[in-house]
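The primary structure of each chain is shown beneath.
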Amino acid sequence: MTDLNQSIVGEPLRPEQRLSALAVSRGIGIGRVVFLHSDKHRHFRIELGPNEVEGELDRLRSAIAETRGQLLKLATDTPSDQPVSDIFGVHLLILEQSSFVQRIEAAISEQRINAEWALKIVTDHYVERQGSTDDEHIREKSLDIKDVANRILSALDGTRPFAPLTYAGSVIAAPELRPSTILELTKVNPAAIITERGGWTSHSSILAREFHLPMISGIKRLEQILSSGASVIVDGMNGELILDPNTETVEHFRAMVSRHTTKTGEGTRPAAVTTADGAEIIIRANIDTPDAYQAGGLRGARGIGLSRSESLIRRSGTVPSEDEQLAAYSQLCQVAGPDGVKIRTFDIGIDQVEDDRSAERNPSLGLRSIRLSLTIPTFFRTQVRAILRAACGNRIDIVLPMITGVEDIIRSRALIDEEREKLEAAGIAVGVPLVGAMIEVPSSVLTAREIAAKVDFLCLGTNDLVQHLLAVDRDNHLVADWYQTLHPAVIRAIAAVLSAAREGGIPVLVCGEMAGSAFYVPLLIGLGARELSMNASSIGQIQDLVSGITLSEAEELVAGIEKLETSEEIERYLRRHYREHWNSLFPPGILDAKHR
Ligand code: PEP
Ligand code: MG
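Below or above, wherever it landed, is the structure these notes cover.

Thresholds, definitions, all that
- Residues numbered from 1 in each chain as written.
- Chains lettered and ligands numbered in written order.
- Predicted model: local features only at pLDDT ≥ 70, side-chain atom pairs only at ≥ 80, totals over all residues.
- Heavy atoms only, no water.
- Helix = DSSP H or I, 4+ residues; strand = E, 2+ residues; numbered from the N terminus.
- Buried < 20%, exposed > 50% of the residue type's maximum accessible area, 1.4 Å probe, protein only.
- Contact = heavy atoms within 4.5 Å.
- Pairing = 2+ DSSP bridges.
- Axes fitted to C-alpha atoms, helices over the stretch in contact; angles between N-to-C directions.
- Phe/Tyr/Trp six-rings, centres within 6.5 Å; stacked < 30°, edge-to-face > 60°.
- Lys NZ or Arg CZ within 6 Å of the ring centre and 35° of its normal.
- Near = heavy atom within 4 Å.
- Polar contact = N/O pair within 3.5 Å; in protein donor to acceptor, adjacent residues only side chain to side chain.
- Areas by Shrake-Rupley, 256 points an atom, 1.4 Å probe, with all protein chains shown as cover.
- Donors = N, O, S within 2.8 Å, 3.2 Å for Na, K, Ca; no water.
- Salt bridge = Lys/Arg side-chain N within 4 Å of Asp/Glu carboxyl O.

1. A word on the overall build of the protein
Per the secondary structure count, the protein includes 23 helices and 19 strands. Across the 596 residues that make up the protein, the buried fraction comes to 55%. Long-range contacts, defined as pairs at least 24 residues apart, comprise 70% of the intrachain contacts of the protein with a sequence gap of at least 6.

Below, the structure is given as structure tokens:
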């Protein structure tokens, strides 16, 4: 739980207003709003001191010089008879001959604001008035202006760190936040986060939960309803945003915060967990970076069951070198101890490593994950070499993401073997990682038996499995009602994968968000799951729950589901069963919340 912002107390000027939202990370945050404007890049308003203006102008000028260099190169590399060379010519004109850059400089000097913000307001100004401006280089060119602005932002990106004083104790509001931005924000300790877009299984929400940052999403037109500095309460327990709360409401929520804070103290827990009738359930932690470990520790988990290695790829899209990755993986091994780490190879889209121009219309079905690794294998080979080296003397396994069938496994294994041979030929010591497949798309569920014969273990990625099985975008709150974890098709798919692995004699680790949610865990155990990997923050409550239930009752629970036809019926059935049999085992509020 984050600190409260004392300055919020006091009678507001407007009456209190409440908006319902999607709660994606539990907790309560009270503070004043700071906007973070972000799609691919983050840009935000910072007021500069009088002697910071010159430095900011220098930052802008070097970003402009870099952008100009890129455009010149693109224009000269493209044959002049192709229309795209004209486009780069137009972009150069905007940069060199229009009033665009002058206006940005003027905004920095006159309003004493940072370059990103000056760029945003000048771009918005031109885009809004593009039809009426006198400047011929800009008239009717809003897409080109946005494109040039994006390039300048890329060049600025990362050259200014977050200003801790602006963000500490504040409520960060943004249309959408990338996971890397959440990671940065955790270092400046905001009170809470509000976004327009994002669902429960979005990576940003997962990270917010991992770092105990209260977060809500699904609030439309944030910029219209909130202004910087507004007082708000983020209720990440019930999914509500309270604008201009009155003193009574603030006090009520403060009291809730202190109750919640005193309850969350966690000690070290036992590593072995068994159900009340003796079935062993292995609990591992989802930990991406050693930083995340610092935040939560392993809390008695049996090693790291999922490390999303793409968190090493910085905002700028730079993939770390082999040695940098070796250091990071070795550090995770230290944290994980003898139970080891499962490193999932980069689960990223082409847009994260190439220029914006490669943007795909449908990135979650595009050149991403293992497909990207097999199509442009340079990054994959580097990563595999780092893992093979880190595996020397350590328990470290490779997990291949978004596998659609055995062919992906055969091709990936061939690359892994090639890299091993090369390292051995060079006399470099390597270990022997096991290789596992993420099962998260329908085709891999239907061929799980064949896949199981080609790998050492399976990982059930329920976040994507629900998305792909039900054809529902997990990041789109507009279709959140169709994202049904308890859909009969999802339950049958999970059962099929668990049984294919059992027949093939290999373990399955359930590592999506379902595995860390108390509401779903008895169901997973009844279906046959014996290994669960979850955010460190869920481990304590799941261990308590598991040790209080019996396997035989969990199996009975599953038997009662077979004839139910909708997720709503299944949810109602589970809730009733839990209340009757295990009411006291569930953390407060869990049985009242919606869990479809
Ligand atoms: C999943 O899809 O369930 C999973 C564990 O991976 P991610 O959330 O990173 O897609
Ligand atoms: Mg996934």
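2. Notes on the sheet that holds strand 9 (residues 231–235)
Two modes of strand pairing occur in sheets, parallel and antiparallel, and in both the strands are linked by backbone hydrogen bonds. In spatial order, the strands read 1-10-9-3-6-7-8-2; together these eight strands make up an open sheet with mixed pairing. Each end of this open sheet is capped by a strand with a single partner; those strands are strand 1 (17–20) and strand 2 (22–25). Taking the axes of each pair of neighbouring strands and ignoring which way they run, one obtains an average angle of 30 degrees across the sheet. Pairing analysis gives four bridges linking strand 6 (residues 171–174) to strand 7 (residues 192–195), with the strands arranged parallel. Considered in strand 7, the bridge of Ala-173 is made with Ile-194. Lying on the sheet, helix 8 (residues 203–210) is in contact with strand 2 and strand 8 (215–217); it crosses strand 2 at an angle near 60 degrees.

3. Some details on helix 18 (residues 462–469)
Taken across its eight residues, helix 18 has seven buried, putting it largely inside the fold. Turning to helix 18, its buried residues are Thr-462, Asn-463, Asp-464, Leu-465, Val-466, Gln-467 and His-468. Buried positions along helix 18 lie against helix 8, strand 13 (304–308), helix 16 (442–446), strand 17 (457–460), helix 19 (488–504) and strand 18 (508–510). Remark: Ala-471 follows helix 18 within two positions and exhibits a positive phi of approximately 50 degrees.

4. Let's talk about the packing of aromatic side chains
Note on aromatic pairs: each is described by the distance of the centres and the angle between the planes. One pass over the full model with this rule turns up five aromatic pairs. Look at Phe-519 and Tyr-520: their rings are 6.0 Å apart centre to centre, the planes differ by 85 degrees, and that puts the pair in the edge-to-face class. On the basis of relative accessibility, which here comes to 8%, the residue Tyr-520 falls in the buried class. An aromatic cluster is defined as three or more aromatic residues linked by ring pairs; in this entry it consists of Phe-519, Tyr-520, Tyr-578, Trp-582 and Phe-586. Stacked on the ring of Trp-117, the Lys or Arg Lys-120 has its end atom at 5.7 Å from the ring centre. When the ring centre of Phe-457 is taken as origin, the NZ or CZ atom of Lys-342, which lies over that ring, is 4.4 Å away.

5. Quick word on the site of ligand 1
Close to ligand 1 lie 13 residues; His-203, Arg-308, Arg-344, Asn-463 and Arg-474 are nearest. At a separation of 2.8 Å, an oxygen atom of ligand 1 approaches a polar side-chain atom of Arg-344. Measuring from an oxygen atom of ligand 1, one finds a backbone N or O atom of Thr-462 at 3.1 Å. Coverage of ligand 1 by the protein chains reaches 99% of its 290 Å² of free accessible surface. Only strand 13 and helix 18 provide two or more residues apiece to the shell around ligand 1.

6. Some details on the coordination of the magnesium ion (ligand 2)
Protein coordination of the magnesium ion (ligand 2) is provided by Glu-440 (OE) and Asp-464 (OD), with donor distances spanning 2.0 to 2.2 Å. Residue Glu-440 is located in the loop between strand 16 (435–439) and helix 16, and its partner Asp-464 is located in helix 18; the two are separated by 24 residues in the primary sequence. Asp-464 carries the same exposure label as Glu-440, and that label is buried.

7. Re the pattern of salt bridges
Following the criterion strictly, the structure yields 34 salt bridges and no others. Among the ionic contacts, a cluster of salt bridges with common partners joins Glu-322, Asp-323, Arg-381, Arg-385, Arg-389, Glu-418, Glu-419 and Lys-422.

8. Some points on unusual backbone geometry
Positive phi outside glycine occurs at Arg-221, with the angle close to 45 degrees. Inspection of the secondary structure assignment puts Arg-221 in the loop between strand 8 and helix 9 (222–225).

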